[in-house]
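For reference, the chains in residue letters:
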Amino acid sequence: MGVERTLSIIKPDATRRNLTGKINARLEDSGLKIIAQKRLHLTRGQAEKFYEVHKERPFYNDLVEFMISGPVVVQVLEADGAVALNRKVMGETNPANAAEGTIRRDFAESIEANSVHGSDSAENAQNEIRFFFSETEIVG
Ligand code: ADP
Ligand code: MG
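Let me begin by describing the structure that accompanies this report.

**Observations concerning the overall build of the chain**
What the chain contains, in helices and strands, is seven helices and four strands. For the chain, the succession of helices and strands along the chain, N to C, is β-α-α-β-α-α-β-α-α-β-α. Since a compact globule built from 140 residues should have a radius of gyration of about 14 Å, the 14 Å found for the chain is in line with a globular shape. Oriented by its inertia axes, the alpha-carbon framework of the chain measures out at about 35 × 35 × 25 Å. Counting only residues that meet the buried cut, the chain has 46% of its 140 residues in that class. Of all intrachain contacts in the chain linking residues separated by at least 6 positions in sequence, the fraction that spans at least 24 positions is 78%. Carbon and sulfur atoms make up 47% of the accessible area of the chain, which amounts to about 7,400 Å² in all.

What follows is the structure, encoded as structure tokens:
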């Protein structure tokens, strides 16, 4: 598999409940290394562009509203097989289906307000990392 990087976002439902540290502990305990991190309040334009792949989905407008409803923490995570490892630590999109011990099972409020984002492929990870970070902000 090899050392890989993925983009993570701690979503507004989690920052609102002061869960950044608890979520970071889950990531670090699983072996993911946080090699870049910043707290942002996304603009509508940024949120629309980031979730552009979901533009035709019925939940798109609500998702954009949710993602700009408060601060987020965007992160670059590094590990062997980081993309799949982070998806495993996150759990299923719908917290009702998420396995025990996953971030979404333990922290998510709903299928929408599900506490974390994680890239779903190595290729998307590269694009999503580039969307938020310059090379000099990433310290591996
Ligand atoms: P994931 O974040 O697990 O990769 P998706 O890429 O399918 O899931 O969806 C992106 C985000 O859109 C989800 O994390 C969630 O916040 C929201 N979402 C997905 N499906 C729904 C739905 N059926 N209703 C409301 N929001 C949804
Ligand atoms: Mg996704």
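**With respect to the nonpolar core**
Membership of the largest hydrophobic core comes to 22 residues, with the highest contact counts inside it found for I9, M67, F132 and F133. Those elements that place two or more of their residues in this core are β1 (3-10), β2 (33-40), α3 (44-50), α4 (60-67), β3 (72-80) and α7 (122-132). Looking at this core element by element, the count peaks at five residues for α4. For I9, the residues in contact, after removing those within four places along its chain, are F50, M67, V72, V73, V74, S115, V116, H117 and F132.

Rules used in this analysis
Residues numbered from 1 in each chain as written. Chains lettered and ligands numbered in written order. Predicted model: local features only at pLDDT ≥ 70, side-chain atom pairs only at ≥ 80, totals over all residues. Heavy atoms only, no water. Helix = DSSP H or I, 4+ residues; strand = E, 2+ residues; numbered from the N terminus. Rg over C-alpha atoms; globule rule 2.2 N^0.38 Å. Buried < 20%, exposed > 50% of the residue type's maximum accessible area, 1.4 Å probe, protein only. Contact = heavy atoms within 4.5 Å. Areas by Shrake-Rupley, 256 points an atom, 1.4 Å probe, with all protein chains shown as cover. Core = buried A, V, L, I, M, F, W, Y, C linked by side-chain atoms within 4.5 Å.

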